[in-house]
Amino acid sequence: MAITRGVRQLVAEADAAVETVTVAAALERQRAGALIVDLRDIRERAREGFIPGSFHAPRGMIEFWVDPDSPYFKDVFGGDREFIFHCASGWRSALATKAVQDMGLAPVSHIGGGFTAWTKADAPVLRTEDGREPRA
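Residues numbered from 1 in each chain as written. Predicted model: local features only at pLDDT ≥ 70, side-chain atom pairs only at ≥ 80, totals over all residues. Heavy atoms only, no water.

Caption draft 1: Representation of the nonpolar core in the model. Val 37, Ile 62, Phe 77, Phe 83, Phe 85, Val 100 and Leu 105 are the most contacted members of the largest nonpolar core, which has 14 residues in total. Of all elements in the fold, only strand S2 (35-38), helix H4 (62-66), strand S4 (83-86) and helix H5 (91-103) reach the threshold of two or more residues within this core. Ranked by residue count, the leading element in this core is H4, at three residues. Within the second largest apolar cluster, 12 residues are counted, among which are Val 23, Leu 27, Ile 51 and Trp 118. (Core = buried A, V, L, I, M, F, W, Y, C linked by side-chain atoms within 4.5 Å. Buried < 20%, exposed > 50% of the residue type's maximum accessible area, 1.4 Å probe, protein only. Helix = DSSP H or I, 4+ residues; strand = E, 2+ residues; numbered from the N terminus.)

This is how it looks when you write it as structure tokens:
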């Protein structure tokens, strides 16, 4: 059986429907109160580091965590704020941003080029052994 739409087409369609921001814009918006949401696997965060102050929401759970009627709802998505999603290269985040935008979450965007672009821009990265934000 042949598929009719591949992942590249799905990502291109999602990118055409959502806002993509630069690393500089994401940093500025984060300073203004936007929450950066890291969709990568916890092992990616542990191996490569993560954006300080970002919220970890695995890609496979994002629709469940955003929906207030879901038993998996996370309060962080119930507030009135902007959400900026990212993954490693921008593919998963384009798809996730489109999904949550279709669910009605707003305002939402994603970082073009993902965490790869973030590190290439020498933006701040936090590294911990387990990929989790240190507790205060």
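Caption draft 2: Fine view of the packing of aromatic side chains. Overall, the coordinates contain four aromatic pairs when judged by the stated rule. A ring pair is formed by Phe 64 and Tyr 72, whose centres lie 6.2 Å apart and whose planes are at 85°; its orientation type is edge-to-face. Here Tyr 72 falls in the partly exposed class, since its relative accessible area comes to 48%. Stacked on the ring of Phe 50, the Lys or Arg Arg 45 has its end atom at 4.2 Å from the ring centre. It is Lys 74 that lies over the ring of Trp 65; its NZ or CZ is 4.7 Å from the centre. (Phe/Tyr/Trp six-rings, centres within 6.5 Å; stacked < 30°, edge-to-face > 60°. Lys NZ or Arg CZ within 6 Å of the ring centre and 35° of its normal.)

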